[in-house]
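Summary of structural features
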Amino acid sequence: MSDPTPVIDDLREESEELDALVAELSPEDWRRATPAPGWTIAHQIAHLNWTDRAALAAVTDEDGFRALVEQALAAPGRYVDDGAEEGAKQDPAALLTAWREGRAALDEALRTAAPGARFPWYGPPMATASMATARLMETWAHGLDIAAALGVTRPPTGRLRHVARIGVRARDFAHAAHGLAPPAEPFRVELTGPGGDLWTYGPEDATQRVTGPALDFCLLATQRAHRADLALTAEGPDADRWLDIAQAFAGPPGAGRPPGAGRPAQGEPR
C-alpha cells in the first residue's frame, strides 16, 4: 500500500501556486475570459471549489455524495457548467475564501483517511492517493486556463508525473466514456519528463506504444491541446485511437480544444 502523503503534498503545492496567481486580482480580472468557451477566471475557480467539495463529500459523507451523483445524472450534459456558473456569481473575495476553505478541508480529510480506504466518484472508485491525484490534475489543467487568460506562463514541474500516471491509468475509462471496448492488451507509454528523465508505464515488449514529452501527454489527457498540436507518437492502431479519445477526468468526454489552437505557453521546466 503506497503512502498518499507525497501526492497530497504536491496537490497542496499546486493549489498554492494557483492561489498566488488569483489572490490579488481585481474584480474585473476575475471576469476575464479563459480558453474554455463561456468560462471566466471566476468560473474556473468556482469549478475547482465545486469539485473539491464533491471530493470532500466522497471522502467524508457517502450519502451526501450520492445526492450529488443523482444531480449529475439528472443533467449529465450541464451539471459541470451549472456548478461553475452558480459559483462564478459570487463576489470574488467570497469565492476565493470558499475555495481556500474547501481545499483545506479536503487536504485534512485525505491526510486522515483510513489506510486502504476507497471512495465513490463519478468514474471508478478511488483510493486516497488517486483522489488526490485527480484533484491535482484538475488544479493543474484549470490553472493553465487561468494563466492563459492572464498572459502568464507556468513552467512544467515534476508534479506532472501524477497527471501522466492518471492519464495512463484512465485508458480503459476513456474508451468506455466513448462507448468503445478497451483494448485487451496493455500499452507501453514512454514520456520524457520536464527534467529530461524518462517516465515509463506498461511492459517493455508491448506492441502498442505511445511516446513523447510528458507535458504533451498531460495536455492531451486533460484536453488542453489538440493531438495535432502535440509531439506525441503512437505505434499500433489501438494506441493511435487512444490518442484521439484520451481523457484523465471523470464524466462524459469533453469537446477539447480545436486543432491549430496551439499549446498553452510554457516557461522553463522546474
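Below you will find a few notes about this structure. (Residues numbered from 1 in each chain as written. Predicted model: local features only at pLDDT ≥ 70, side-chain atom pairs only at ≥ 80, totals over all residues. Heavy atoms only, no water.)

**A look at the nonpolar core**
Among the nonpolar cores identified, the biggest contains 57 residues, and L110, W121, M131, W140, L191, F217 and W242 are the most heavily contacted of them. The dominant element in this core, judged by the number of residues it contributes, is helix α7 (residues 128-150), at nine residues. Other than its neighbours up to four places away in sequence, L191 contacts A164, D197, L198, W199, Y201, G212, P213, A214 and F217. Ranked by size, the runner-up nonpolar core spans 16 residues in total, among them L18, V22, I41 and L48. (Core = buried A, V, L, I, M, F, W, Y, C linked by side-chain atoms within 4.5 Å. Buried < 20%, exposed > 50% of the residue type's maximum accessible area, 1.4 Å probe, protein only. Helix = DSSP H or I, 4+ residues; strand = E, 2+ residues; numbered from the N terminus. Contact = heavy atoms within 4.5 Å.)

**So, the sheet that holds strand β3 (residues 188-192)**
With mixed pairing, the four strands of this open sheet are ordered in space as β4-β3-β5-β6. With one partner strand each, in any of the chains shown, β4 (198-201) and β6 (233-235) form the two edges of the open sheet. In this sheet, neighbouring strand axes are inclined to one another by 10° on average, regardless of whether the strands run parallel or antiparallel. Bridging between β3 and β4 involves four bridges; their strand directions are antiparallel. Bridging across to β4, L191 finds its partner in W199. Each of β3 and β4 touches helix α8 (residues 160-169); the most contacted strand, β4, lies at about 25° to it. Across the sheet, helix α10 (residues 214-221) is in contact with β3, β4 and β5 (209-213); its angle to β5 comes to roughly 110°. (Pairing = 2+ DSSP bridges. Axes fitted to C-alpha atoms, helices over the stretch in contact; angles between N-to-C directions.)

**Structural notes on the packing of aromatic side chains**
If you walk through the whole model with that rule in mind, you get eight aromatic pairs. Pairing W50 with Y79 gives two aromatic rings, centres 6.0 Å apart and planes at 50°, and the pair type is tilted. On the criterion of sequence distance, the pair formed by W50 in helix α3 (residues 41-60) and Y79 in helix α5 (residues 79-88) is long-range, its members being 29 residues apart. Residue classification places W50 among the partly exposed residues on the basis of a relative accessible area of 25%. Ring geometry for W50 against Y122: centres 6.4 Å apart, planes inclined by 15°, an arrangement best described as stacked. (Phe/Tyr/Trp six-rings, centres within 6.5 Å; stacked < 30°, edge-to-face > 60°.)

**Thoughts on helix α6 (residues 92-111)**
The end-to-end C-alpha distance of α6, which contains 20 residues, comes to 29 Å, matching closely the 28 Å that a straight helix rising 1.5 Å per residue would cover. Every buried residue of α6 is accounted for by P92, L95, L96, A98, W99, G102, R103, L106, D107, A109 and L110. An end-on view of α6 places all buried positions within 165° of arc, on one side of the element. The exposed residues of α6 that point more than 90 degrees off its buried face are E101 and E108. Where α6 is buried, its residues meet α1 (5-22), α2 (27-30), α3, α5 and α7. Its side-chain oxygen 3.0 Å from the backbone nitrogen of A93, D91 forms the N-cap of α6. (Expected span 1.5 Å × (residues − 1). Arc of directions from axis to C-beta. Polar contact = N/O pair within 3.5 Å; in protein donor to acceptor, adjacent residues only side chain to side chain.)

**Focus on the pairing of β3**
Within a regular strand, side chains alternate between the sheet's two faces. Note that β3 and β5 share five bridges and pair parallel. Residue T192 lies in a different strand from β5, and its bridge partner there is P213. Connecting the antiparallel pair β3 and β4 is a turn made up of five residues, with G196 showing a positive phi of about 95°.

**Focus: the environment of T60**
Position of T60 relative to the elements: it lies in helix α3. Distance in space between the C-alpha atoms of T60 and V168 is 27 Å, their sequence separation being 108 residues. In this structure the side chain of T60 is engaged in a polar contact, spanning 2.7 Å, whose partner is the backbone oxygen of L56.

**Describing the side chain of E138**
Relative to the helices and strands, E138 is located in helix α7. A distance of 2.9 Å separates a polar atom in the side chain of E138 from a polar atom in the side chain of H47. For E138, the residues in contact, after removing those within four places along its chain, are H47, L48, T51 and G143.

**Digging into the packing of α3 against helix α4 (residues 62-74)**
Running from N to C, α3 and α4 cross one another at 135°; their axes reach a closest spacing of 6 Å. By the angle between their directions, the pair α3 and α4 is classed as oblique. Helix-helix and strand crossings are classified by hand; for α3 and α4 the assignment is left-handed. Here A54, A57, A58 and T60 of α3 lie close against α4, whose contacting residues are E62, F65 and L68. Residues belonging to the contact of α3 with α4 are distributed by class as follows: five nonpolar, one polar and one charged. (Parallel < 35°, antiparallel > 145°, perpendicular 65-115°, else oblique. Left-handed = near helix turned anticlockwise from the far one by under 90°. Nonpolar A, V, L, I, M, F, W, Y, C, P; charged D, E, K, R; others polar.)

**Some points on unusual backbone geometry**
In the Ramachandran plot, Q223 falls in the positive-phi region, its phi being about 55° despite a non-glycine side chain. Within the element layout of this structure, Q223 appears in the loop between α10 and β6.

**A look at the pattern of salt bridges**
One pass over the structure, following the stated rule, counts 28 salt bridges. E86 is the partner of K89 in a salt bridge, and the nearest nitrogen-oxygen pair spans 3.8 Å. For K89, a relative accessible area of 60% translates into the label exposed. Judged by relative accessible area, E86 falls into the exposed class, the value being 52%. (Salt bridge = Lys/Arg side-chain N within 4 Å of Asp/Glu carboxyl O.)

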